[in-house]
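Structural characterization, general
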Amino acid sequence: MSNRIIEKLNTLIESREGGSHKTYLRLWETMRAEDKIVAALFDDLSRSSAIITLAGWKTHGILSDDDFNDFTEDTQNRINTLMEIMQSE
């Protein structure tokens, strides 16, 4: 996840589209948006929110297919259902 964010920021820095100030503003907004995603995925780790967290991790590529397949079929179905709901919003 961190690598993806850094790559996104590097792309903005390298392009410098619109000049330095606009690049800075885009960097700032990108960092704020990405920080919200990271916070949602990692700040409230608890058993009661585990399925929601795992669905978020799977959506963002943090939970690999190999790790996902280690869960029970019931857990996989719950995660897939939540991912469908998240993607429809």
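The following paragraphs examine the structure supplied in this document. The shown structure was predicted, so the numbers you read here are calculated from the model rather than taken from an experiment.

1. Looking at the pattern of salt bridges
For the coordinates displayed, the defined rule picks out four salt bridges. Residues Glu34 and Arg4 are paired through a salt bridge, measuring 2.9 Å at the closest nitrogen-oxygen approach. Of this pair, Glu34 sits in helix H2 (residues 20–42) while Arg4 sits in helix H1 (residues 2–15), and the two are 30 residues apart along the sequence. Arg78 is paired through a salt bridge with Asp74; the nearest N and O atoms lie 3.8 Å apart. Taken together, the residues Arg78 and Asp74, both in helix H5 (residues 73–88) and four residues apart, mark about one turn of the helix.

2. Remarks on the side chain of Gln76
Mapped onto the elements of the fold, Gln76 is located in helix H5. Overall, Gln76 belongs to the buried group, its relative accessible area being 16%. A distance of 3.3 Å separates a polar side-chain atom of Gln76 from the backbone oxygen of Phe68. Those residues in contact with Gln76 that lie beyond four places of it in its chain are Phe68, Asn69 and Phe71.

3. Section: the packing of helix H3 (residues 50–59) against H5
Axes are the key here: two packed helices are described by the angle between their axes and the distance separating the axes. At a minimum axis separation of 9 Å, H3 and H5 run at an interaxial angle of 65°. Judged on the interaxial angle alone, H5 and H3 are roughly perpendicular. With respect to the hand of their crossing, H3 and H5 are arranged in right-handed fashion. Side by side, H3 and H5 meet where Ile51, Ile52, Leu54, Ala55, Gly56, Lys58 and Thr59 of the first sit next to Thr75, Arg78, Ile79, Leu82, Met83 and Met86 of the second. Residues belonging to the contact of H3 with H5 are distributed by class as follows: eight nonpolar, three polar and two charged.

4. Some points on the environment of Ile6
Along the polypeptide, Ile6 turns up in helix H1. Owing to a relative accessible area of 46%, Ile6 belongs among the partly exposed residues under this scheme.

5. Regarding unusual backbone geometry
Positive phi values are uncommon outside glycine, yet Arg16 reaches one of about 45°. Within the secondary structure, Arg16 sits in the loop between H1 and H2.

6. Remarks on the packing of H1 against H2
Look at H1 against H2: their axes get within 10 Å of each other, and the N-to-C directions meet at 170°. In terms of their interaxial angle, H1 and H2 are classed as roughly antiparallel. Here Arg4, Ile5, Lys8, Leu9, Leu12 and Ile13 of H1 come into contact with H2, specifically with Thr23, Arg26, Leu27, Thr30, Met31, Glu34 and Val38. Grouping the amino acids of the contact of H1 with H2 by side-chain chemistry returns seven nonpolar, two polar and four charged.

Cut-offs used in this document
- Residues numbered from 1 in each chain as written.
- Predicted model: local features only at pLDDT ≥ 70, side-chain atom pairs only at ≥ 80, totals over all residues.
- Heavy atoms only, no water.
- Salt bridge = Lys/Arg side-chain N within 4 Å of Asp/Glu carboxyl O.
- Helix = DSSP H or I, 4+ residues; strand = E, 2+ residues; numbered from the N terminus.
- Buried < 20%, exposed > 50% of the residue type's maximum accessible area, 1.4 Å probe, protein only.
- Polar contact = N/O pair within 3.5 Å; in protein donor to acceptor, adjacent residues only side chain to side chain.
- Contact = heavy atoms within 4.5 Å.
- Axes fitted to C-alpha atoms, helices over the stretch in contact; angles between N-to-C directions.
- Parallel < 35°, antiparallel > 145°, perpendicular 65-115°, else oblique.
- Left-handed = near helix turned anticlockwise from the far one by under 90°.
- Nonpolar A, V, L, I, M, F, W, Y, C, P; charged D, E, K, R; others polar.

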